[in-house]
Amino acid sequence: MQTGTDRRVTIIEEELAKSRRAFDVELDAAPTDRLLRAPNGEWTPAQIVWHVAKVERAVARLIERLDAGIAPMETVPPGPRPDSITRMLDAFNILDRSHKLVAAAEVTPPPKVDFEAERARLIDGRAQLTAAIRKAGPRLSLMRYEHMFFGMLDGWQWALFPARHEERHLLQLREVIRR
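1. Notes on the overall build of the protein
Move 1: What the protein contains, in helices and strands, is 4 helices and 2 strands.
Move 2: Ordered by position from the N terminus, the helices and strands of the protein form the series α-α-α-β-β-α.
Move 3: Computed over C-alpha atoms, the radius of gyration of the protein comes to 17 Å, within 12% of the 16 Å expected from 2.2 N^0.38 for 179 residues, which places it in the range of a compact globule.
Move 4: Within the span of the protein, comprising 179 residues, buried residues form 49% of the whole.
Move 5: At a minimum sequence separation of 6, the contacts of the protein that also span at least 24 residues come to 86%.
Move 6: When the accessible surface of the protein is split by element, carbon and sulfur atoms take 55% of a total near 9300 Å².
Move 7: Treating the 28 positive side-chain charges of the protein as one cloud and the 26 negative ones as another, the clouds have centres 1 Å apart.

2. Points about the pattern of salt bridges
Once their charged atoms are close, side chains differing in charge can pair, the charge on each being opposite to the other.
Move 1: Enumeration according to the criterion identifies 20 salt bridges in this entry.
Move 2: Note that Lys18 and Glu15 form a salt bridge whose closest N and O atoms lie 3.5 Å from each other. Here Lys18 and its partner Glu15 are both found in helix α1 (residues 7-29), 3 residues apart, which amounts to about one turn of the helix.
Move 3: Classification of Lys18 by relative accessible area gives partly exposed; the value is 42%.
Move 4: Ionic pairing is found between Asp33 and Arg37, a salt bridge with its closest N-O pair at 3.8 Å.
Move 5: Each of the salt bridges in this network shares a partner with another, and the network as a whole consists of Glu15, Lys18, Arg164 and Glu167.

3. Observations regarding unusual backbone geometry
Move 1: Residue Asn93 is not a glycine yet carries a positive backbone phi of 50°.
Move 2: Within the secondary structure, Asn93 is located in the loop between α2 (45-68) and α3 (115-136).
Move 3: For Asn93, a relative accessible area of 51% corresponds to the exposed category.

4. Let's talk about the side chain of Arg20
Move 1: In this fold, Arg20 is placed in helix α1.
Move 2: Residues in contact with Arg20, not counting those within four places in the same chain, are Glu56, Leu122, Ile123, Arg126 and Glu166.

5. Re the packing of aromatic side chains
Move 1: Counted by the stated rule, this structure contains 5 aromatic pairs.
Move 2: Judged by centre distance (6.3 Å) and plane angle (55°), the ring pair of Phe150 and Phe161 falls under tilted. With Phe150 in the loop between β1 (144-147) and β2 (151-154) and Phe161 in helix α4 (residues 155-178), the pair connects residues that are 11 residues apart, well separated along the chain.
Move 3: Exposure remark for Phe161: the relative accessible area of 4% places this residue in the buried category.

6. Thoughts on the nonpolar core
Move 1: The biggest cluster of nonpolar side chains holds 30 residues, and the ones touching the most others in it are Ile63, Ile133, Leu140 and Phe161.
Move 2: At the level of elements, α1, α2, α3 and α4 are the ones that each hand at least two residues to this core.
Move 3: Per-element accounting of this core gives the leading share, 6 residues, to α4.
Move 4: Discounting chain neighbours no more than four positions away, the residues touching Phe161 are Val55, Val59, Leu89, Ile94, His147 and Phe150.

About the cut-offs
- Residues numbered from 1 in each chain as written.
- Predicted model: local features only at pLDDT ≥ 70, side-chain atom pairs only at ≥ 80, totals over all residues.
- Heavy atoms only, no water.
- Helix = DSSP H or I, 4+ residues; strand = E, 2+ residues; numbered from the N terminus.
- Rg over C-alpha atoms; globule rule 2.2 N^0.38 Å.
- Buried < 20%, exposed > 50% of the residue type's maximum accessible area, 1.4 Å probe, protein only.
- Contact = heavy atoms within 4.5 Å.
- Areas by Shrake-Rupley, 256 points an atom, 1.4 Å probe, with all protein chains shown as cover.
- Lys, Arg positive; Asp, Glu negative; His and termini not counted.
- Charge placed at Lys NZ, Arg CZ, Asp CG, Glu CD.
- Salt bridge = Lys/Arg side-chain N within 4 Å of Asp/Glu carboxyl O.
- Phe/Tyr/Trp six-rings, centres within 6.5 Å; stacked < 30°, edge-to-face > 60°.
- Core = buried A, V, L, I, M, F, W, Y, C linked by side-chain atoms within 4.5 Å.

What is shown is where atoms sit, not what they do.
What follows is the structure, encoded as structure tokens:
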């Protein structure tokens, strides 16, 4: 079992923490009356939080499931260098909001969302994701799974994905709150 000492895992945890801090700062600064409304049928801030929490938990379950399928004696390839970890998803331009991505039905928020409950789910989802990444550690190099927009991603990319996904929705959150 991995204890989280792999430098690459630590780097991903730092990226996850950085994106969450920025997301929380924006949510904390948002006027309360703006959390449950959005212009032009866009998602409300509460719905954005619901979506981010749902995706993060789904990624955590994916990593747990893929890790459980790896044979105990499987040889683990070296994987990415620590200095390349934060750039692994750059080619996908995840932060480019000029290209609208339509969420899959299972991660599309319902019309009414309990904002406080979803913020709690964000915390729980992050704990689940962090535990899954730490447990998998270098075995992330053995994982492969198809993303609906970005194609085949390895376990390292999946581990980093929630940070970049949250950053994308932070941009959306700022747009919605400021309108």
